[in-house]
Every structure is written in C-alpha cells, then in structure tokens.
Amino acid sequence: MESIETWIRSVLADPRARSLAIVVGSLVAAKLLQLLLTRVVLRYTARTRSRIDDAIVRRLETPLFVTLLAVGLEAALEPLEPSARLQYWTAGLLRTVLVLLWAVALIRIVGIALDVGSRRTDRPRWLEVRTIPLLDNLAKLLIVGGALYALLVVWRLDVKPWLASAGIVGIAVGFAAKDTLANLFAGLFILADAPYKIGDWIVLDTGERGMVTAVGLRSTRLLTRDDVEVTLPNAVIANAKIVNESGGPWERARVSITVGVAYGSDVDRVRAALVETAQASEFVAGEPEPRVRFSEFGDSALVFRLLCWIDRPVLRGQAIDDLHTRIYRRFLADGIEIPFPQRVVHLPDRD
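Residues numbered from 1 in each chain as written. Predicted model: local features only at pLDDT ≥ 70, side-chain atom pairs only at ≥ 80, totals over all residues. Heavy atoms only, no water.

Peer 1: Any chance you could explain the overall build of the protein here in plain terms?
Peer 2: From N to C terminus, the protein includes 10 helices and 8 strands. Across the 351 residues that make up the protein, the buried fraction comes to 31%. At a minimum sequence separation of 6, the contacts of the protein that also span at least 24 residues come to 64%. In the structure as shown, the protein presents an accessible area of about 22,800 Å², 60% of it carried by carbon and sulfur atoms. (Helix = DSSP H or I, 4+ residues; strand = E, 2+ residues; numbered from the N terminus. Buried < 20%, exposed > 50% of the residue type's maximum accessible area, 1.4 Å probe, protein only. Contact = heavy atoms within 4.5 Å. Areas by Shrake-Rupley, 256 points an atom, 1.4 Å probe, with all protein chains shown as cover.)

Printed below as a string of structure tokens:
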C-alpha cells in the first residue's frame, strides 16, 4: 500500500502528470454529470406533465459538460507554469467558448419557456402568442448584451471607455429619436398592461374605433367598419382613454334601437312586437334577453328603446340593419304607425 502511495506521489511530482490527471479528472466529472442528467434527472422530469423541464435539461447538458471540461483544462495549465501570454490567450479562448455556448443555450431556453408558457391556461396577461416575438427579441437583446460585456471582462478590456461612449451615443440617439423612443416605451407598457388584444374592438376618446389587427413596438393598427386600416402611434394610445368593447366578462355588446310610434298606439302591443322582432333576429343573443323601455313622450311620437345584445361587436352594423328592417315590416303588418313630421299649409282664399 505504501509503495502505491509512493508511486502516485512520485508520478504527481511531475507537472505534466499532474496536468494530465486534472484533465482526466475533469473529463470524468463532466461525463458523470452528463450521465446524471440523462439517466436520473431526465427520467424524473419525464414523469411530470410539463415538457419544459425536459427541454431545459437537454439544453443544459452540453454547456455543463463543456464548462467542467474547460475549467479542468484551465486548471491543468497551472502546474506547467506557462508564460503569462500563453495563459492569457488560453484562458481567454476557453472562457470565450463558454460565454458563447451559454448565451446560445439561454436563448434557446428562453424561447422554449415563452412558447410553453403562452399555451398555459393560467399564463399572465402579458404572455400571449402575440407578445412572444417581442419578448423573445428583448430576451435575445439582453442575453447578447450580457455576453458582449462578459467577453470584454474575459479579455480584460477596460469597459469604462466603452460604457462612457455608449452613454454619449445613447444621449444623442435619445434626442434624435425621442418620438420613436416614446412610441417604443408606450408599446412595451401596452403589451405589459394588455388593455386590448388582437381581435378586440376598441374605441378611443379621440374618436377612432375599430378592431385591433396588429400591436407593434411603434404603433397599433385598427380596422374600421369601413374596412379602412388606421395606424396609431403607441404614444397616442397610451395617453388616451380606451373603451374595449370586447372586454369584460363576455365579448357581447349591447345594441340600442330607438323607434317612435304614433300617439294612441297600444303600448303593450308595441312592446311585444319589438321583443318578438329581436328574438327572431339571427344576430341577437339569447342571453341576456331583449328588453324594451318606454323612454319618453316625444313631440309627435311615443318613443321606445329596444335593448338587445349581440355576440361580437363586429356584428353591430349587420344587427342594426337587420333589426331596422324587421321592425319596419312588423309594424306595417301589425298596423302600428310610425309618425313623421308633417306640415299643413293654408293658402288664403282671395276670392
């Protein structure tokens, strides 16, 4: 036993043998970690309902293996006492490989997490299919920026002049593109707060009304009922009052039809005719039920309001057209008179 220990000590006394031992040890440790991930961790994650953990483990397998191996190779140089220049370039190259490898792995993991997270029913409001490209690009920008900073540190470059130059450039760009930046930040706030989504019908206090067709970093696009696309800067929308007709507990929207009948008409008959007309329309939802309100005594008519609901705000125009047509035909069939202004002109008799 003592002879074996003596032999090991004599072998390790050689710097090259110690370096080789460190390399072999790091390779064995990396291989054991790889086996642990593939044989143990992946078997455990395979039993879970989510598939995101399996994908993350597979993406981490190679970076972890290379990291342990690179740490071993860098440590193996110390017994050889290399020159400062050789040690600088070797450590720089190994760490550069690690930075790039981990940056690529993090980008893939973020992409997987966003894709899986957007499909969950309990996802946050800001994580939707429409926001995935934006969040993915922002994540890539942050990861790439962090990787570039790490590379500067790896190669022992002074980052202060770079940061100062970036600050000056940032101030100049900020003044030159303040409107664009305002729209950019407003777009980020809109995506985070999610006051509307693609397909919603919104009304702004500035008068614009339509269906949201696209939400970008700079602008939001609306398709009006006239099939005209309106592009609005996000800074304008962020400072506007927004009425989301597709929001609330359901997407249904209320339609109000005002109609006048002649004095002397049977009020109950008019009420029943309006309700039955709304119930017969294919555009009117069954719940809530249509209702009629006798709103006022007009100058020449009894004014009624028919209140009913449609399944989607986009059907408002078609529903109003259908209800107007049905009400007019029903009143003609039931003999209910719709009054209209009349003027009687008396001509003096000159005879």
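Peer 1: Is there a simple way to think about the sheet that holds strand β6 (residues 253-261) in this case?
Peer 2: Hydrogen bonds between backbone groups are what pair the strands of a sheet, and the pairing can be parallel or antiparallel. Strand order in the open sheet formed by 3 strands is β6-β8-β7, and the pairing between neighbours is antiparallel. The open sheet has two edge strands, β6 and β7 (291-297), and neither has a second partner. In this sheet, adjacent strand axes meet at a mean angle of 25° when their direction is disregarded. Sheet strands in contact with helix α10 (residues 316-334) are β6 and β8 (302-310), and its direction is about 30° off that of β6. (Pairing = 2+ DSSP bridges. Axes fitted to C-alpha atoms, helices over the stretch in contact; angles between N-to-C directions.)

Peer 1: What is the right way to read the sheet that holds strand β2 (residues 209-215) from this model?
Peer 2: As summarised here, the arrangement of the 5 strands in space is β4-β3-β2-β1-β5, forming an open sheet in which the pairing is antiparallel. Two strands bound the open sheet, and with one partner strand each, they are β4 (229-233) and β5 (242-244). Averaged over neighbouring strand pairs, the angle between their axes works out to 40° when direction is ignored. Here strand β3 (residues 219-223) runs beside β4; their pairing, made up of 5 bridges, is antiparallel. The partner of Thr220 across the bridge, within β4, is Leu232.

Peer 1: Help me out: how do you make sense of unusual backbone geometry in this one?
Peer 2: Most of the time, phi is negative for any residue but glycine, and the peptide bond is trans. Of note, the bond from Glu287 into Pro288 is cis; its omega dihedral lies within 30 degrees of zero at -10°. You can see Pro288 is positioned in the loop between α9 (267-280) and β7.

Peer 1: Quick question: what am I supposed to make of the packing of aromatic side chains here?
Peer 2: As enumerated under the stated definition, the model contains 5 aromatic pairs in all. Centroid distance Phe294 to Phe304: 4.7 Å. Interplanar angle 15°. Geometry classified as stacked. Taken together, the residues span a long stretch of sequence, with Phe294 in strand β7 and Phe304 in strand β8 at a distance of 10 residues. Aromatic rings pair up to connect Tyr88, Trp89 and Trp155 into one cluster. (Phe/Tyr/Trp six-rings, centres within 6.5 Å; stacked < 30°, edge-to-face > 60°.)

Peer 1: I tried to follow the packing of helix α3 (residues 52-76) against helix α4 (residues 84-118) on my own but got confused; where do I start?
Peer 2: Helix packing geometry: the angle between the two helix axes and the distance between the axes. Direction vectors running N to C along α3 and α4 enclose 175°, while the axes themselves pass 10 Å from each other. Relative to α4, α3 is oriented roughly antiparallel. Within the contact of α3 with α4, the residues separate by chemical class into 19 nonpolar, 2 polar and 4 charged. (Parallel < 35°, antiparallel > 145°, perpendicular 65-115°, else oblique. Nonpolar A, V, L, I, M, F, W, Y, C, P; charged D, E, K, R; others polar.)

Peer 1: Would you explain the packing of helix α2 (residues 15-46) against α3 in this entry?
Peer 2: It is the contact of α2 with α3, at a shortest axis distance of 8 Å, that shows an interaxial angle of 170°. The orientation of α2 relative to α3 falls into the category roughly antiparallel. In terms of residue class, the contact of α2 with α3 is made up of 18 nonpolar, 6 polar and 5 charged.

Peer 1: Even after reading the chapter, I still don't get the nonpolar core, so can you show me in this structure?
Peer 2: Burial of nonpolar side chains together is a common tendency in soluble globular proteins. Ranked by internal contacts, the top residues of the largest apolar core, which has 24 residues, are Leu274, Phe304 and Phe331. Listing elements by their share of this core, those giving two or more residues are β6, α9, β8 and α10. Sequence-distant contacts of Phe331, defined by excluding residues within four places in its chain, comprise Val259, Val261, Val270, Ala273, Leu274, Ile336 and Ile338. Counting residues in each nonpolar core, the second largest holds 9 residues, with Ile202, Val212, Leu232 and Ile237 among its members. (Core = buried A, V, L, I, M, F, W, Y, C linked by side-chain atoms within 4.5 Å.)

Peer 1: How should I be thinking about the pattern of salt bridges in this particular structure?
Peer 2: Charged atoms that come close allow side chains of opposite charge to pair. The final tally for this structure, using the stated rule, is 4 salt bridges. Of the charged contacts, one joins Arg95 and Glu74 as a salt bridge, the two residues approaching to 2.5 Å between their closest N and O atoms. On the criterion of sequence distance, the pair formed by Arg95 in helix α4 and Glu74 in helix α3 is long-range, its members being 21 residues apart. Among the residues examined, Arg95 registers a relative accessible area of 36% and is labelled partly exposed. For Glu74, a relative accessible area of 25% translates into the label partly exposed. One salt bridge connects Asp334 with Arg330, and the closest N-O pair in it is separated by 2.7 Å. Here Arg330 and Asp334 lie together in helix α10, a separation of 4 residues that amounts to about one turn. When salt bridges that share partners are traced, they join Glu276, Arg330 and Asp334 into one network. (Salt bridge = Lys/Arg side-chain N within 4 Å of Asp/Glu carboxyl O.)

Any link to function would need more than the numbers given here.
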